[in-house]
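# Inside the fold
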Amino acid sequence: MSSPLVITGMGMVSPLGCGVNASWERLLAGRSGVSSITRFETGELPIKVAGTVPGRESDPQAGFDPDRVADAKERRKMELFSLYAMAAAEEALTQANWFPSSDEDRLATATIVGSGIGGFPTITQAQNTLSTRGYRRLSPFTVPAFLANLAAGNVSIRYGLRGPLGCPVTACAAGVQAIGDGMRLIRSGEAEVALVGGAEACIDPLSLASFHAMKALSTEQAAPAKASRPFDQARNGFVMGEGAGLLVIETLAHAEARGATPLAFLSGYGTSADAHHITAGPEDGAGAAAAIRAALRMAGLAPEAIDHINAHATSTPVGDRAEIAALRNAFGDALPGIPISATKSATGHLLGAAGGVESIFSALAAIQDRLPPTLNLEHADADLSDLDLVPGEAREHRCRHVLCNGFGFGGVNAALIVSKV
């Protein structure tokens, strides 16, 4: 029987702060990482709030310091999503104590970092430069900065990781799919260790205006921390977030052979397509349910064995309803007994990075037997009255197996099961 897969390192940059511990403890404390946008003037744009990663000036304890990640010369070649990935990678690799120096180990290490959009702000800024100053003023680093696979590329280059390199660009399922891809590479023997997850940083006037044109974003202005309201009757769209969440994964046998500490098992993974609509899943949630069932099959678990669900739950009425339909489809009568958290209520929606960050939250729930709260849940949809949505406050709860969902435009679904060691 093959050795089970384990997580040995975790790294995070999120709207709640930089570092896994800071983000997790603030999440459990009920803090919100959503605030008014100050990075640029929003002007007439009706979108005024986002889940931006705090800087050192506003958050001395856990703010993001780009100078710690790369020097000024390096940063001219990188977009923000790559910098976030670099910071998360350093934390994850340090915890795992995996800095391969031999050719054999470097060739055996995969780097799979998903992103929904990549360096979108670089594209919009380059177009502005082209329009106002001409093509001669464009930076030669424009293309390398915005390509979605450059988060993985930059990390691979820094640490000399020469194994398979990849980047699922599957909208908001990208982070979970990157983890699944890494699991497959290890199982197939193409890699022994994989650095996996997602990175995103596209809080930009054009991206916000584009999502607003779809009526997808919250237009909350007065109370930013209340803007992300998954499952609540008063929700009016999702909040754009940013950050990165990366995991070091390997087989238990490989971890034990090198003296690494296994943090949690990766028990199951499943992915599927709705084949239904570009932005909305079917009302019965059949496609997402298929991904969840595939993850349960891989894990060898019955639905009632799941102790907690970290829902994709973006805070859009259509998306939330479709996910609950999928969960009812997959879990049946067992669902009312399984606590469900929506951590995007505290971070906003990190698009391609969501799965990486939320898989870490799921692992920590299993490790610590603590459930993060669903913030701003004051009046849940009437048809959710039978469900335990962990409103308001964190809770202690025995967690052997935790499900983490990620769904994206185009009908892509992914589900991951993380289990206690």
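In what follows, the structure referred to is the one given above.
Note that the structure is a prediction, hence the values are computed from the model and not measured.

### A closer look at a nonpolar patch on the surface
Taken together, the side chains of Leu130, Tyr135 and Leu138 make up a nonpolar region of the molecular surface, amounting to roughly 280 Å² of accessible area. Following the sequence through the fold, Leu138 ends up in the loop between α6 (120–133) and α7 (142–146).

### What to know about the pairing of strand β15 (residues 412–420)
Counting buried residues along β15, 8 of its 9 residues qualify, which places the element largely inside the surrounding structure. Bridge count between strand β9 (residues 264–273) and β15: 9 bridges; the pairing is antiparallel. In the strand pairing of β15, Gly268 is matched with Ile417. Counted between consecutive antiparallel strands, the loop separating strand β14 (residues 401–408) from β15 contains 3 residues, among which Gly410 sits at a positive phi close to 95 degrees.

### Focus: α6
With 14 residues, α6 should cover 20 Å at 1.5 Å per step; its first-to-last C-alpha distance of 20 Å lies within 8% of that length. Looking only at α6, the buried set comprises Phe120, Pro121, Thr122, Thr124, Ala126 and Thr129. The elements touched by buried residues of α6 are α7 and α10 (205–213).

### Section: the packing of helix α12 (residues 286–299) against helix α13 (residues 317–331)
Two elements in contact, α12 and α13, have axes separated by 8 Å at closest approach and are oriented at 50 degrees. The angle between α12 and α13 places the two elements in the oblique class. Remark: the crossing between α12 and α13 carries right-handed chirality. Listed contacts from α13 to Ala286, Ala288, Ala289, Ile292 and Arg293 of α12 are Ala326, Leu327, Asn329, Ala330 and Phe331. Per-class residue counts for the contact of α12 with α13 are 8 nonpolar, 1 polar and 1 charged.

### Side note on the packing of helix α9 (residues 174–188) against helix α15 (residues 354–368)
Packing of α9 against α15 leaves a shortest axis separation of 5 Å and a crossing angle of 70 degrees. Here α9 is positioned roughly perpendicular relative to α15, judged by the angle of their axes. On α15, the residues that touch Gly175, Val176 and Ile179 of α9 are Gly355, Gly356 and Ser359. Of the residues contributing to the contact of α9 with α15, the split by class is 2 nonpolar, 4 polar and no charged.

### Let's talk about the packing of aromatic side chains
Counted under the stated rule, the structure contains 5 aromatic pairs. On the numbers, 5.9 Å between centres and 45 degrees between planes, the contact of Phe99 with Tyr159 is tilted. Note that Phe99 is positioned in the loop between α4 (80–96) and α5 (103–107) and Tyr159 in helix α8 (residues 150–159), a separation of 60 residues in sequence. For Phe99, a relative accessible area of 41% gives the class partly exposed. Exposure remark for Tyr159: the relative accessible area of 15% places this residue in the buried category. Consider the rings of Phe211 and Phe238, whose centres lie 5.4 Å apart with planes at 80 degrees: the pair is edge-to-face.

Rules used throughout
Residues numbered from 1 in each chain as written. Predicted model: local features only at pLDDT ≥ 70, side-chain atom pairs only at ≥ 80, totals over all residues. Heavy atoms only, no water. Patch = residues over 30% accessible without salt bridge, like charges linked within 9 Å, V, L, I, M, F, W, Y side chains within 5 Å. Areas by Shrake-Rupley, 256 points an atom, 1.4 Å probe, with all protein chains shown as cover. Salt bridge = Lys/Arg side-chain N within 4 Å of Asp/Glu carboxyl O. Helix = DSSP H or I, 4+ residues; strand = E, 2+ residues; numbered from the N terminus. Buried < 20%, exposed > 50% of the residue type's maximum accessible area, 1.4 Å probe, protein only. Pairing = 2+ DSSP bridges. Expected span 1.5 Å × (residues − 1). Contact = heavy atoms within 4.5 Å. Axes fitted to C-alpha atoms, helices over the stretch in contact; angles between N-to-C directions. Parallel < 35°, antiparallel > 145°, perpendicular 65-115°, else oblique. Left-handed = near helix turned anticlockwise from the far one by under 90°. Nonpolar A, V, L, I, M, F, W, Y, C, P; charged D, E, K, R; others polar. Phe/Tyr/Trp six-rings, centres within 6.5 Å; stacked < 30°, edge-to-face > 60°.

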